[in-house]
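# Per-entry structural report
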Amino acid sequence: MEKLLSMRQVSCGYVTRSLGGLGRRVEKPVLRGIDLEIAPGEIVGLVGESGCGKTTLGKCALGLIDYSGEILIGGLRQGTGANRKEMARRVQAVFQDPSASLNPAWKAGWILEEPLRIGKAGSGAERRRRVDEILELVGLDPSYKNRRVHELSVGQKQRICIGCALMPKPRLIIADEAVSSLDVSVGAQILNLFRELNRSLGLGMLFISHNLSLVYYLCSRIAVMKDGRIVEQGAAEEIYGSPRAAYTKALLESVPEAPGPPR
Ligand SMILES: Nc1ncnc2c1ncn2[C@@H]1O[C@H](COP(=O)(O)OP(=O)(O)OP(=O)(O)O)[C@@H](O)[C@H]1O
Ligand SMILES: [Mg+2]
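Residues numbered from 1 in each chain as written. Chains lettered and ligands numbered in written order. Predicted model: local features only at pLDDT ≥ 70, side-chain atom pairs only at ≥ 80, totals over all residues.

## So, the overall build of the protein
Our working rule: For the purposes of this entry, the term helix denotes a DSSP run of H or I that reaches at least four residues, the term strand denotes a run of E that reaches at least two, and both are numbered from the N terminus. Atoms considered for the radius of gyration are the C-alpha atoms alone. The globule rule reads 2.2 Å times the number of residues to the power 0.38. To assign burial, the other C-beta atoms lying within 10 Å of each residue's own C-beta are counted, with C-beta atoms placed from the backbone; 20 or more indicates buried, 12 or fewer indicates exposed, and intermediate counts indicate partly exposed. The contact criterion used here is simple: two residues whose C-beta atoms, placed from the backbone, lie within 7 Å are in contact.
Scanning the protein for helices and strands turns up 10 helices and 10 strands. Over its C-alpha atoms the protein spans a radius of gyration of 19 Å, differing by no more than 12% from the 18 Å that the globule rule assigns to 263 residues. Once the C-alpha set of the protein is aligned to its principal axes, its extents read approximately 60 × 55 × 45 Å. Residue burial in the protein is summarised as follows: out of 263 residues, 37% are buried. Taking the intrachain contacts of the protein between residues at least 6 apart in sequence as the baseline, contacts between residues at least 24 apart amount to 66%.

Next comes the structure, spelled out in structure tokens:
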């Protein structure tokens, strides 16, 4: 079966200049020969220390930065300008901070409807019906479409962001630290929403997180990253039960245990 995401020998880096843009051009490699696949309906977790290149990998998969190697989304090459519209239908993103992703003065319904309006998709009534459908899908009452963003809780804002991502009916979502800024109980609700969407829509996901417990809860397969390389990948139980790479062992050992009750 065609993979949702297939990355082969993907490398990329950023160009910076010393002396605040005036100095020598310095190329900083970030990803070094990444191989990663996601099958339809699969949730894959990507873990690794801060700065190892997880977000950069997500940006490559979304076609936001140049890379060398090959990235196919449902068999179509990512990053070629001609495919942009089709790519938006195949892969979408949810980021960490929903407050930074949404205009606080806008009503939730306007935000959800915007891409359909721009794409002139359907009549006004059809678009509003789709907004209601999406709100229901992300666990919000249709009346929320009349709420302005600043009137929503962070968890509700993240649900709107997920709704925006679902609007073009993608098959793959890149969730980059999507529950990291939420408190534990709200984060758990969003995690369960991801699970539900995976079950009901067969939505595939790359779940990027530094929280190993969350990744274990949600993902069937896990890739561990260090310094721009994937050092180990496999079924979640394998990675947690018998990690092979020394780095994975160190990462697992670094998870703090909950302290006991105060005496
Ligand atoms: N736009 C940019 N220009 C130059 N360097 C960048 C840029 N974005 C990221 N980097 C660098 O690339 C490296 C990888 O960054 P990236 O954001 O992918 O890490 P990450 O694994 O997502 O980290 P975190 O867990 O903290 O989110 C870092 O060293 C970072 O400083
Ligand atoms: Mg990141």
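## Topic: the site of ligand 1
Our working rule: For each residue, a C-beta atom is placed from the backbone, and the residue is labelled near a molecule or strand when this atom is within 6 Å of it. Residue polarity is assigned by list, with Asp, Glu, Lys and Arg as charged and Ala, Val, Leu, Ile, Met, Phe, Trp, Tyr, Cys and Pro as nonpolar; anything else, Gly included, falls into the polar class.
Around ligand 1 sit 13 residues in total, of which Tyr14, Ser50, Lys54, Thr55 and Thr56 are the nearest. For the shell around ligand 1, the secondary-structure elements that each account for two or more residues are β1 (5–17), β2 (25–38) and α1 (54–61). The greatest single-element share of the shell around ligand 1, amounting to three residues, is contributed by α1. Considered class by class, the residues forming the shell around ligand 1 number three nonpolar, eight polar and two charged.

## A closer look at the sheet that holds strand β6 (residues 91–94)
Convention followed: Pairs of strands are assigned from DSSP output, requiring at least two bridges between the strands. To obtain each axis, a line is fitted to C-alpha atoms, and for helices this fit is confined to the stretch in contact; angles are then taken between N-to-C directions over 0 to 180 degrees.
Judged by pairing direction, the sheet is mixed, and its six strands sit side by side in the order β6-β7-β8-β3-β9-β10 without closing on themselves. The sheet is open, and its two borders are formed by β6 and β10 (229–235), each paired with just one other strand. Looking at each pair of strands side by side, their axes are set apart by 20° on average, direction ignored. Across five bridges, strand β3 (residues 43–48) lies against strand β9 (residues 221–226) in parallel orientation.

## Regarding the pairing of β3
The element β3 is extensively covered by neighbouring structure, given that six of its six residues are classed as buried. Taking every second residue as pointing to the same face, both faces of β3 are buried, with Ile43, Gly45 and Val47 on one and Val44, Leu46 and Gly48 on the other. When β3 meets strand β8 (residues 204–208), the two strands line up parallel, connected through four bridges. Counterpart to Val44 in the pairing with β8 is Leu206.

## Points about the nonpolar core
This is how the line gets drawn: In these notes, a nonpolar core means any group of buried Ala, Val, Leu, Ile, Met, Phe, Trp, Tyr and Cys residues linked to one another through C-beta atoms within 7 Å.
In terms of nonpolar packing, the biggest core is built from 70 residues, with Ala175, Leu206 and Phe207 touching the most fellow members. With six residues, the single largest contributor to this core is helix α6 (residues 154–166). Residue contacts for Phe207: discarding those within four places in its chain leaves Ile43, Val44, Gly45, Leu46, Ala175, Val215, Leu218 and Cys219.

## With respect to helix α7 (residues 184–201)
Formally: What a helix is expected to span follows from its residue count: subtract one and scale by 1.5 Å.
Helix length check: α7, at 18 residues, gives a terminal C-alpha distance of 25 Å against a target of 26 Å (1.5 Å per residue), a fit within 8%. Positive backbone phi, approximately 70°, marks Gly202, located one or two places after α7.

## Comments concerning the environment of Arg84
Position of Arg84 relative to the elements: it lies in helix α2 (residues 84–90). The exposed category is assigned to Arg84, around which 11 C-beta atoms lie within 10 Å.

## Some remarks on the packing of helix α4 (residues 108–118) against α6
Our working definition: With respect to orientation, any angle under 35 degrees is reported as roughly parallel, any angle over 145 as roughly antiparallel, any angle of 65 to 115 as roughly perpendicular, and every other angle as oblique. It is the rotation of the near helix from the far one that decides the hand of a crossing: anticlockwise by less than a right angle makes it left-handed, clockwise makes it right-handed.
In the contact formed by α4 and α6, the axes pass within 9 Å of each other and the chain directions differ by 20°. Taken together, α4 and α6 sit at an angle that is classed as roughly parallel. In this structure, α4 meets α6 at a crossing whose hand is right-handed. Facing Ala108, Ile111 and Leu112 of α4, the residues of α6 in contact are Ile160, Gly163 and Cys164. Partitioned by chemical class, the residues of the contact of α4 with α6 number five nonpolar, one polar and no charged.

## Thoughts on the pairing of β6
On any regular strand, side chains alternate: one points to one face of the sheet, the next to the other face. Because side chains alternate across β6, one face comprises the buried residues Val91 and Ala93, and the other comprises Gln92 and Val94, equally buried. Examined bridge by bridge, β6 and strand β7 (residues 172–176) share four bridges and lie parallel to one another. Residue pairing for β7: Gln92 is matched across the bridge by Ile173.

## Regarding the sheet that holds strand β5 (residues 76–77)
Within a sheet, adjacent strands bond to each other through the backbone by hydrogen bonds, running parallel or antiparallel. Strand order in this open sheet of four strands is β2-β1-β4-β5, and the pairing throughout is antiparallel. Two strands lie at the open edges of the sheet, namely β2 and β5, each paired on one side alone. Judged from the two bridges that link them, strand β4 (residues 68–73) and β5 form a sheet pairing that is antiparallel. Its bridge partner lying in β5, Leu72 is registered against Arg77. Here α1 sits on the sheet in contact with β1, β2 and β4, set at roughly 70° to β2.

## Digging into the environment of Gly33
Structurally, Gly33 is set in strand β2. Judged by local crowding, Gly33 falls into the partly exposed class, with 14 C-beta atoms found within 10 Å. Distance in space between the C-alpha atoms of Gly33 and Ile230 is 8.5 Å, their sequence separation being 197 residues. Beyond its immediate sequence surroundings of up to four residues, Gly33 is in contact with Gln9, Ser11 and Arg229.

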